[in-house]
Amino acid sequence: MTVNARSFSAPPMFSAAVLAVGLSIASGAGAQTDAGPMWGVEQLMQTLRQVKSARGRFTERKYMAILSTPLELSGTLVYAAPGHLEKHTVRPNPESLVLDRDELTIESKDGNRSRTLALRDYPVLWAFVESIRSTLAGDLQTLNRFYRVGLRGGQSQWRLVLTPSEPKMQGVVREIQLGGSGDWVNVIEVLETSGDRSVMTISRDDS
Amino acid sequence: MRFWPRSAVCIWLAGVVAAIAVISRTEFTADLSAFLPRSPSPAQQILVEQLRDGVVSRLILIGIEGGATERLAQASQRLAASLRAQDNFVSVNNGEESGFETDREYLWENRYLLSPAMTPEHFTARGLRHSLEEDLRLLATPAGMLLRRTLPSDPGGELMRLLEQLEGQTRPSIRHGVWFSGDGARALLLAQTRAAGYDIDAQERTLARIRGAFAEAAGGGEAKLLLTGPGVFSVTIRERIRNDAWKFSLVATVLIGAMLWALYRSPRAVGLGLLPVASGALAGIAAVSLGFGSVHGITLGFGVTLIGEGVDYAIYLFTQIAPGTAPRTTFDRIWPTLRLGVLTSLCGFSAMLFSGFNGLAQLGLFSMAGLVAAAAVTRWVLPELLPPGFAVPAVTAFAPGVMSLVGRAPLLRVPLLVMVALACVLLMAQREPIWSDDLSSLSPVSPDEQRLDQRLRTDIGAPDVRHLVIVRAKDEETALQGSERVAAALRRAVRQGWLEGFDSPAGFLPSQATQRARQAALPEPGALRKNLHEALRGLPFRARAFEPFLEEAAAARSMPPVDRGSLQGTSLALKLDSLLSKRQDGVVAMLPLRGVSNSGAISGEIGKVPGLEFTVLDLKRESDDLYRSYRREALTFSLMGAAAIIVLLFASLRAPRRVFEVLAPLAAAVVVTLGMLVLGGHRLSIFHLVGLLLVVAVGSNYSLFFERQALSDRDRERTIVSLLFANVSTVIGFGLLALSKVPVLNAIGSTVGAGAILTLVFSAILIGRGPAGRLP
């Protein structure tokens, strides 16, 4: 349930990623050892900031106490730096989420209904959205506003651990983990306070 | 005969004391009710009530702007907290969630009584299956995060349905936990005052409280307080009319006093000259107070206009006293003419007295009482109080010049006729109607203030309600049942695209009958469990996931129905009060409509519901219609007044030629004044019409005196000079009003100022007389 990436259209980024992977192989141990004294959250953010656009396919599994088997969703993701993010769910029900600056537009294909929300009006949703968007944008300042930010692993395989700092968000989400390698995010795991969780894996979309 | 004069003074003094006693106990109002008919239709009745003391009239919209959003949000929180602690307010809302939590709780606890989906089919195996499939779909969306928490208790999605129903209206956006305008420039609050909108004194106190609380909350920062709403308008209007009326009365009094001093050279005479005016104003206010129970600010503002007319009487008397004669002998000469002038004015105003509209009727009564009092004081009181041997020396100085001008005036007859003809052509060629049909043209609220009101309303998502369905019923239960049936028809109309949405009191307080039906639609626990089991077959839900639902649905079967009291503490209580109101003859439910595109079709659809007493009300059309009929009525009454004047003149003068001579200058002046106003870009309001009535009232004196057969050349000189003095005083009084920003005062001022000059000049031109007043 891992792997993945935002596929990047910018070749230099791609090579940087290859280089990173190469380095981690060379060092032979992955997570623990490849983190030199110079590599940390700041450096990860720096790397992520280089990415200007990306496309990916996602599969998301939602595990809920109320369900005996997880819900599975799949579709595509589109990112454009710094603030534009689209999530197009294809299965099981077509639905689009388009995030642009501080507005989120939800469009469900079957009902032909579209709704635009100002993120400021929905603090929990806003915090949630920023966990992904600010990570992709390498915007540590915004992340720090909503979360305590922790980092495990090294450049080739890292895991960003976000713990909500706002009481309202704490009531809903216990932790959000974003895993990746180099400048690619390949997994997003959300652990909810209720015990429910969801895992989204993202793979490059070259089409 | 010797005691008669003294007793006149005594009667007058007693009258003044009585008038003051009445006035001291008079209630002054300034709400829009003056523009509403005395015997309104049910729809108008609702309009009046809403304007007077409906919830709408109690709303104050508050904006705080200028400064960083954090500071504004802080100020909003502090202001709201401080206002909530006072008992002047029913509620103060600024978006802080405290209110919404209780609303949500009410909807949640009573969802099975409130949900419109609660039909017998809803919880059958099929119905449940349908809901569960929908739930599964929603779980996959962002809404799933919220849904997951309520799903075990609410698989039917009742809460979601109820929230959506309430969310139909736009709400202001939230920053730092409080309401803000979309651009974040203004923090917004909505306060409902305990005092009714028409209680201006209380509204004024409430506004002072808000300003005080704000000064503390803002802590002297750069933040600025914006206030709007019906109460704010009423207070401003009253303040403004009072200010202008007071200011202009004072200035006019000083100027006219100065003029009289220059003419009379006697402080006593100057003081006496103002006596008829003052007495007239007192009598007018007292008469309106006795006749109507209260005096409208506009009527009061009108009082200032009496200065011009009332001063004239004293001027006629003083100026026409021949040197060496007693004042009473002067009256032997001029009283018949003056009396006819007073009667003419009374005819003009009497028509207004019969108006179905409070405002006009008050103006009519005020003017009539004021004129009678002023004339009576001039006739019977002044001669007693004038110093013996009083005469106005200035007459001799002015007479030669004035008389030579008057002598040559008839040369201008042709130009005058051309002018009148041009004015007629101008008036008839107007493509746009010369009358303004917009009620707001009467409003002394400035366009800036109206824009602010509009802006805050849009910000707060409380646009002016324009269309309403009114359901009348004998009690609350019947009214709610009626609302439910109207709502069903409206839902069909929404599907047809005739409107976007609507609000109904039954949406959050269903009738008892509906609540019982919904309870009855809940299957008994065993059957519900069986239905759920069947519905869950093949779905990925855990078998025992919905135990809370089964328990709560079972409990809901015997829960007590909700009533008005259940809403206590929620913001829905406030809303219910505005949508469901008790009155003497029953209960009225209101369903405000949004985005109406075809009100006729909507009426038709509701009309299909049998046994329903309803009205589809278009408030804007209703108030505009009202204003139009108000104006039409005033026009009719003015014409009737004109007819009465003609009859009166025929009866007194007994010669068609004389009647014509008296009327021609008046008619010409009215036409030319109208032409000038239209040319000046004015859309005429009802107060221009009132102004024209005053022109006729004041001007009839001029033409009557001009037309009067003088006893001698001296007599005629004195008469004509007195007309000039009277005219100057009128022009001072009314001309000043034209400077007022209050549309009412401005309209009357500019109309009468111009009209009075024209009438005098036209009288001189049209009524030619030989030296001793012989007919040529």
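Residues numbered from 1 in each chain as written. Chains lettered and ligands numbered in written order. Predicted model: local features only at pLDDT ≥ 70, side-chain atom pairs only at ≥ 80, totals over all residues.

K.L.:
I'd like to hear about the overall build of chain A, residue by residue, with values.
P.N.:
Helix and strand content of chain A: 5 helices and 12 strands. Counting every position in chain A, which comprises 207 residues, the buried fraction comes to 34%. (Helix = DSSP H or I, 4+ residues; strand = E, 2+ residues; numbered from the N terminus. Buried ≥ 20, exposed ≤ 12 C-beta atoms within 10 Å, placed from the backbone.)

K.L.:
Could you give me a rundown of the overall build of chain B, with the residues and numbers involved?
P.N.:
When its secondary structure is counted, chain B shows 29 helices and 13 strands. Within chain B, the proportion of its 776 residues that are buried is 47%. Put simply, of all contacts in chain B between residues at least 6 apart along the chain, 82% involve residues at least 24 apart. (Contact = placed C-beta atoms within 7 Å.)

K.L.:
Residue-level account of the interface of chain B and chain A, with values.
P.N.:
Each partner contributes to the interface: chain B provides 16 residues, whereas chain A provides 20 residues. Going through the elements one at a time, helix 6 (125-139), helix 7 (144-150) and strand 4 (173-175) of chain B are the ones with two or more residues in the side of chain B that touches chain A. Residue composition of the side of chain B that touches chain A, by class: 10 nonpolar, 2 polar and 4 charged. (Nonpolar A, V, L, I, M, F, W, Y, C, P; charged D, E, K, R; others polar.)

K.L.:
Run through the nonpolar core, naming residues and quoting values.
P.N.:
All names here are of chain B. Membership of the largest hydrophobic core comes to 163 residues, with the highest contact counts inside it found for Ala187, Val695 and Ile748. Setting aside residues no more than four positions away along its own chain, valine 695 makes contact with Ala669, Val670, Thr673, Thr751, Val752, Gly755, Ala756 and Thr759. Of all hydrophobic cores here, the second largest spans 53 residues; its members include Trp498, Phe508, Ile602 and Ile606. (Core = buried A, V, L, I, M, F, W, Y, C linked by C-beta atoms within 7 Å.)

K.L.:
I'd like a rundown of helix 29 (residues 743-766) of chain B, residues and numbers included.
P.N.:
A rise of 1.5 Å per residue sets the reference length of helix 29 of chain B, with its 24 residues, at 34 Å; its end C-alpha atoms lie 33 Å apart and thus fit the reference within 8%. In terms of burial, helix 29 of chain B is a largely internal element, 24 of the 24 residues being buried. (Expected span 1.5 Å × (residues − 1).)

K.L.:
Talk me through the packing of helix 9 (residues 200-218) of chain B against helix 10 (residues 230-264) of chain B; I want residue IDs and the actual numbers.
P.N.:
All names here are of chain B. Direction vectors running N to C along helix 9 and helix 10 enclose 105 degrees, while the axes themselves pass 9 Å from each other. As far as their axial angle goes, helix 10 and helix 9 are roughly perpendicular. Of helix 10, the residues touching helix 9 (which contributes Ile200, Gln203, Glu204, Thr206 and Leu207) are Gly231, Val232, Ser234, Val235 and Arg238. Of the residues belonging to the contact of helix 9 with helix 10, the class tally is 4 nonpolar, 4 polar and 2 charged. (Axes fitted to C-alpha atoms, helices over the stretch in contact; angles between N-to-C directions. Parallel < 35°, antiparallel > 145°, perpendicular 65-115°, else oblique.)

K.L.:
Kindly report on the environment of tyrosine 106 of chain B, identifying the contributing residues and their values.
P.N.:
Residues and elements named next belong to chain B. With respect to the helices and strands, tyrosine 106 occurs in helix 4 (residues 98-109). When the C-alpha positions of tyrosine 106 and glycine 569 are compared, they lie 9.8 Å apart, and in sequence the two are 463 residues distant. Once residues within four sequence positions are removed from consideration, tyrosine 106 is found in contact with Ser566, Leu567, Thr570 and Leu572.

K.L.:
For unusual backbone geometry, give the residues involved together with the corresponding values.
P.N.:
For residues other than glycine, phi is negative in most cases, and the peptide bonds are mostly trans. Residues and elements named next belong to chain A. Cis geometry is found at the peptide bond from alanine 81 to proline 82, where omega equals -5 degrees. Counting through the fold element by element, proline 82 comes out in the loop between strand 3 (71-80) and strand 4 (84-91). Cis geometry is adopted by the peptide bond preceding proline 92, which originates at arginine 91 and carries an omega value of 0 degrees. Along the chain, proline 92 falls in the loop between strand 4 and strand 5 (95-100). Its identity is not glycine, yet arginine 101 carries a phi of approximately 50 degrees, on the positive side. As for its position among the elements, arginine 101 is in the loop between strand 5 and strand 6 (103-108). Judged by the 10 C-beta atoms lying within 10 Å of it, arginine 101 falls in the exposed class.

K.L.:
Mind laying out the packing of helix 26 (residues 656-679) of chain B against helix 29 of chain B, listing which residues take part and the relevant values?
P.N.:
Residue and element names in this part refer to chain B. Close contact between helix 26 and helix 29 brings their axes to 8 Å; oriented N to C, the two are set at 140 degrees. Judged by the inter-axis angle, helix 26 sits oblique to helix 29. Note on packing geometry: the crossing formed by helix 26 with helix 29 is right-handed. Together, Glu661, Ala664, Pro665, Leu666, Ala668, Ala669, Val670, Val672, Thr673, Met676 and Leu677 of helix 26 and Thr751, Ala754, Gly755, Leu758, Thr759, Phe762, Ser763 and Leu766 of helix 29 make up the contact between the two elements. Per-class residue counts for the contact of helix 26 with helix 29 are 13 nonpolar, 5 polar and 1 charged. (Left-handed = near helix turned anticlockwise from the far one by under 90°.)

K.L.:
An account of the confidence of the model for chain B is requested, with residue identities and associated values reported.
P.N.:
Scored by pLDDT, chain B comes out at a mean of 84, with 92% of its residues at no less than 70. Scored as a complex, the prediction yields pTM 0.66 and ipTM 0.72. (pLDDT = per-residue confidence, 0-100.)

K.L.:
Any chance you could break down helix 24 (residues 599-607) of chain B for me, citing the residues and the numbers?
P.N.:
Residue and element names in this part refer to chain B. Among all positions in helix 24, only Ile602, Glu605 and Ile606 are buried. Seen along its axis, helix 24 keeps its buried residues to an arc of 95 degrees; they face one direction. Counted as exposed and oriented over 90 degrees from the buried face of helix 24: Gly600 and Gly607. Where helix 24 is buried, its residues meet strand 9 (467-473), helix 19 (476-496) and strand 13 (614-618). (Arc of directions from axis to C-beta.)

K.L.:
Let's hear about the confidence of the model for chain A: which residues, and what values?
P.N.:
Residue and element names in this part refer to chain A. Considering every residue of chain A, the mean pLDDT works out to 78; 79% of them sit at 70 or more. Mean pLDDT per element in chain A: strand 1 (residues 7-8) is the minimum at 34, and strand 9 (residues 157-164) is the maximum at 92. The low-confidence segment residues 1-35, where pLDDT is below 50, has 82 contacts with residues more than four positions distant or belonging to other chains.

K.L.:
I'd love a proper account of the environment of alanine 68 of chain B, names of residues and values included.
P.N.:
Mapped onto the elements of the fold, alanine 68 of chain B is located in the loop between strand 2 (59-65) and helix 3 (69-84). A tally of 12 C-beta atoms within 10 Å means that alanine 68 of chain B is categorised as exposed.

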